[in-house]
Amino acid sequence: MSDALPLNRATDQLPFVYATKWKQPVRELLLAPEGFGTSHVLAEALHLIPSDWRGSLLPLCLIDEDSIAVVAVDAAIPGTREGHVYRLHLSKVPPRLQLRLLDIDPLIYVASLDEELAARPVGLRRVLDQIGPAYELSHLRKEKRPRDFVVRPVRIACQNVIVALGAIAHDSSFDGLTVPAWQTCELPHVATHEGNRALAALTLCDAFQSGGTMEIRFDRKARIVHKGRPLDLDGHPEKAVPASLRRFGRAVGVSLGSDDPATISPREARDLFLAITPMPDGLRGRVSDAVHNRGIAPERICFLLLSQVWREIEMDYILATTGRTTSILSGGAQWTDRFARQAEAEICRGAVTTGMLFRRLNATDNATGGCGVVRVVEDRTKGISWELRPEVGAVTLTGLDPSEPVPWTFLAAGVQTLTVFPRSAISAEIVREIVEADVPGDSAILTPADTELKGEVPSQIRVLRCPDRLADIDKSVEDRLLKSRISRG
């Protein structure tokens, strides 16, 4: 191993990686010292490691034309752990996307590639030549909505490039989801494991909507009608939880298939759902509290967030400011319980208007100015953060650009920190509470467009009028509550 770094505790499995007789697809990707029969040798890739990181990273495998898998031989690079496998992008990428975790062990990583690539030709043929055409004939051409038990193909793409293919169906024999196809890949312009994350999120959301136990099996038969004849698909080609999905699970700290190699158990599904649902730390803490102390099923919260029924800041506001969270996330109180409905409506109005304001402040508008120029709002954000203040029913927004005016107000001066108090009615008592509240930054009342001011509002309190009227906001609230009620079968 003259062209490799010295072995230590982190890399003591590398000789086993190099000496194992992997199948040909893996041997074409593996970077081993000369003499081990791989298509590429380790010495060819050592120069790809940036000079600042040489001595801390060892090339392991090719991933695509613009990235390689590397093993951390020590923990000198911030954010890395000794012995873990990371993805090194060879071109310039945002720092947060560089050296993202691929797996927790080099031997396990290469073994998972061996399983995945061996089954890929069969899996691709199944989706592209069998399930896809069968579904098009039976449902797409007839413009027919499929039932839960129908095998439905899934295709996820980014910039016209497919990153994931799969197929799912509800199986009443075990009241869960069966997955006869699952194929993902890494692409230069897509974040690490993003294909697995997206396909897992879609699969888990479908498992929740189907109303089953959240169990997901990869070894059950599924039937389609192919070329006019019934065709039985004998489970996933790997006959187990797909290697790429298990690899993703290890990267996010969730062991999949530990109880049954061919099954994601309900417990594992819930853990994975929580791990892949994007949440700031504050919201994640409140979700954990709601799950353990309020009896709210984690899969319900994750589904509502991923389907954007309630966005992150809206969910955080609901969890932080009311004890009726369980009722709201289940669709709201009965219409006969007038007082409960009124209390929930006020909380939901605050969540909706706060979400609207946050998106307005956080959006990047790349206007070039000038007459006749089209203004384009890119799919980017400014990085504004929020902090809930449940004791006063307010939200503090930080990171605002002081050079820009605060929206929905006639005051031109901007601020860096703004604490908003969402209220659908403004009385002298409410104004007094806001004035007396000890909160950071400027204070502002956030209210619907047609709210009547009952009493004088001091000049130090801004009044932000949401563009929507109260009736429009209530309509949005009712639509979200309805989706919450009917989201689970």
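Because the structure is predicted, anything quoted here is derived from the model rather than measured.

Caption draft 1: Layout of the overall build of the chain. Helix and strand content of the chain: 13 helices and 20 strands. Viewed in the frame of its principal axes, the chain has a C-alpha envelope of about 85 × 60 × 55 Å. For the chain, the residues scored as buried account for 49% of the 489 residues in total. When the accessible area of the chain is evaluated, it comes to approximately 23,700 Å², of which 51% is carbon and sulfur surface. Of the side-chain charges in the chain, 59 are positive and 63 negative, and the distance between the mean point of each set is 6 Å.

Caption draft 2: Highlighting the packing of aromatic side chains. In the structure shown here, the tally under the stated rule is three aromatic pairs. Here the basic side chain of Arg-217 rests over the ring of Phe-174, its NZ or CZ set 6.0 Å away from the ring centre.

Caption draft 3: Examining the packing of helix H11 (residues 338–362) against helix H13 (residues 470–486) more closely. One can describe the packing of H11 onto H13 by two numbers: an axis separation of 9 Å at closest approach and a directional angle of 105 degrees. Taken together, the axes of H11 and H13 are roughly perpendicular relative to one another. Together, Arg-341, Cys-348, Arg-349, Val-352 and Thr-353 of H11 and Leu-470, Ile-473, Asp-474, Ser-476, Val-477, Glu-478, Arg-480, Leu-481 and Arg-485 of H13 make up the contact between the two elements. Of the residues contributing to the contact of H11 with H13, the split by class is six nonpolar, two polar and six charged.

Caption draft 4: Region of interest: the nonpolar core. With 77 residues, the main nonpolar core has Leu-245, Leu-272, Trp-310, Met-315, Leu-397 and Leu-464 as its most contacted residues. Residue contacts for Met-315: discarding those within four places in its chain leaves Leu-283, Ile-301, Leu-304, Leu-305, Trp-310 and Leu-329. Within the second largest apolar cluster, 23 residues are counted, among which are Leu-14, Val-26, Leu-102 and Leu-117.

Caption draft 5: Up close: the environment of Leu-306. With respect to the element layout, Leu-306 can be found in helix H8 (residues 298–306). Sequence-wise, Leu-306 and Leu-202 are 104 residues apart; in three dimensions their C-alpha atoms are separated by 8.8 Å. Each residue touching Leu-306, except ones within four places of it in the same chain, is listed here: Ala-201, Cys-205, Phe-273, Thr-277 and Pro-278.

Caption draft 6: Expanded view of the side chain of Glu-314. Its location among the elements puts Glu-314 in helix H9 (residues 312–321). Within the local environment of Glu-314, its side chain forms a polar contact with the backbone nitrogen of Arg-311, the two atoms lying 2.8 Å apart. Glu-314 has contacts with Val-309, Ala-351, Val-352, Gly-355, Arg-359 and Arg-480, leaving out every residue within four places of it along the chain.

Caption draft 7: Structural context of the packing of helix H4 (residues 194–209) against helix H5 (residues 243–251). Contact geometry of H4 with H5 gives a least axis separation of 10 Å together with a crossing angle of 95 degrees. With respect to their mutual orientation, H4 and H5 come out roughly perpendicular. From H4, Asn-196, Arg-197 and Ala-200 reach across to H5, where they touch Ser-244, Leu-245 and Phe-248. The residue makeup of the contact of H4 with H5, split by class, is three nonpolar, two polar and one charged.

Calculation rules
- Residues numbered from 1 in each chain as written.
- Predicted model: local features only at pLDDT ≥ 70, side-chain atom pairs only at ≥ 80, totals over all residues.
- Heavy atoms only, no water.
- Helix = DSSP H or I, 4+ residues; strand = E, 2+ residues; numbered from the N terminus.
- Buried < 20%, exposed > 50% of the residue type's maximum accessible area, 1.4 Å probe, protein only.
- Areas by Shrake-Rupley, 256 points an atom, 1.4 Å probe, with all protein chains shown as cover.
- Lys, Arg positive; Asp, Glu negative; His and termini not counted.
- Charge placed at Lys NZ, Arg CZ, Asp CG, Glu CD.
- Phe/Tyr/Trp six-rings, centres within 6.5 Å; stacked < 30°, edge-to-face > 60°.
- Lys NZ or Arg CZ within 6 Å of the ring centre and 35° of its normal.
- Axes fitted to C-alpha atoms, helices over the stretch in contact; angles between N-to-C directions.
- Parallel < 35°, antiparallel > 145°, perpendicular 65-115°, else oblique.
- Contact = heavy atoms within 4.5 Å.
- Nonpolar A, V, L, I, M, F, W, Y, C, P; charged D, E, K, R; others polar.
- Core = buried A, V, L, I, M, F, W, Y, C linked by side-chain atoms within 4.5 Å.
- Polar contact = N/O pair within 3.5 Å; in protein donor to acceptor, adjacent residues only side chain to side chain.

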